[in-house]
Amino acid sequence: EPEVTQTPSHQVTQMGQEVILRCVPISNHLYFYWYRQILGQKVEFLVSFYNNEISEKSEIFDDQFSVERPDGSNFTLKIRSTKLEDSAMYFCATQEWGSTDTQYFGPGTRLTVL
Amino acid sequence: EDQVTQSPEALRLQEGESSSLNCSYTVSGLRGLFWYRQDPGKGPEFLFTLYSAGEEKEKERLKATLTKKESFLHITAPKPEDSATYLCAVQASGANSKLTFGKGITLSVRP
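Residues numbered from 1 in each chain as written. Chains lettered and ligands numbered in written order. Predicted model: local features only at pLDDT ≥ 70, side-chain atom pairs only at ≥ 80, totals over all residues. Heavy atoms only, no water.

### Quick notes on the packing of aromatic side chains
Phase 1 of the analysis: Evaluated as defined, the whole model comprises 15 aromatic pairs over all chains.
Phase 2 of the analysis: With centroids separated by 5.8 Å and ring planes inclined at 25 degrees, the aromatic side chains of Trp34(A) and Phe75(A) adopt a geometry described as stacked. With Trp34(A) in strand β4 (residues 31-37) and Phe75(A) in strand β8 (residues 75-79), the pair connects residues that are 41 residues apart, well separated along the chain.
Phase 3 of the analysis: For Phe75(A), a relative accessible area of 0% translates into the label buried.
Phase 4 of the analysis: Judged by centre distance (6.0 Å) and plane angle (80 degrees), the rings of Phe105(A) and Phe101(B) are edge-to-face. Of this pair, Phe105(A) sits in strand β10 (residues 103-105) while Phe101(B) sits in strand β10 (residues 99-101), which puts the two residues in different chains.
Phase 5 of the analysis: What links up through ring pairs into an aromatic cluster is the set Tyr33(A), Tyr35(A), Phe45(A), Phe91(A), Tyr104(A), Phe105(A), Tyr36(B), Phe46(B) and Phe101(B). (Phe/Tyr/Trp six-rings, centres within 6.5 Å; stacked < 30°, edge-to-face > 60°. Helix = DSSP H or I, 4+ residues; strand = E, 2+ residues; numbered from the N terminus. Buried < 20%, exposed > 50% of the residue type's maximum accessible area, 1.4 Å probe, protein only.)

This is the structure we're talking about:
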């Protein structure tokens, strides 16, 4: 069964450093999302991406965040200058559209900012 | 603003003891209501999508139902392997497709 994959599984970084989180979507899916989950809190929407552009973004997704699909397979989330409060699990989700509205989630990247 | 409230926060059951998990929602036009299972340190795993009031879906020991204001996830004769956090999320109608999640219900099933 096709799966969403994410790398790395765990990233530790110093405050102020840039990080790039990577996702490989399910192959025939066209819609891509990033969500985050701070420890003990609910899963929160960050951004949606379709046809090589952002469809919607939340208040969390400020100028420090960016997304791109650099090579037609990977989907990346970049945080330019990490803050302590960026520590969270980051989940990529992908959606086929048309036949189903279901978003399928990857296993997540645990980001720890020191 | 779309809102999802799940109750109780945590539920402890004896193996075989059936129960229901509640998800109340407010949304500006419901496109879909989703149930996911989340194991510790893992991503949400899709269980069900419900689209309209009165709809029901079943998978093994789980059955999801939907009304205009809430959804229930019924667990019949649970087993220890059903222990997980169960997440409810709504998707509003319209161009945008983000999911709005509740905090989840942590279910523990004792053997």
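### Description of the interface of chain B and chain A
Phase 1 of the analysis: Residue-level contacts link 21 residues of chain B with 20 residues of chain A.
Phase 2 of the analysis: Summed over both partners, the interface of chain B with chain A comes to about 1600 Å²; 53% of that surface belongs to carbon and sulfur atoms.
Phase 3 of the analysis: Between the two partners, chain B and chain A, sit 1 salt bridge.
Phase 4 of the analysis: Across the pair Glu56(A) and Lys98(B) runs a salt bridge whose closest N-O atoms are separated by 3.8 Å.
Phase 5 of the analysis: When contributions to the side of chain B that touches chain A are tallied by element, the ones reaching two or more residues are β4 (30-38), β5 (45-50), β9 (84-92) and β10 of chain B.
Phase 6 of the analysis: With 4 residues, the single largest contributor to the side of chain B that touches chain A is β4(B). (Contact = heavy atoms within 4.5 Å. Buried area = accessible area lost by both parts, 1.4 Å probe. Salt bridge = Lys/Arg side-chain N within 4 Å of Asp/Glu carboxyl O.)

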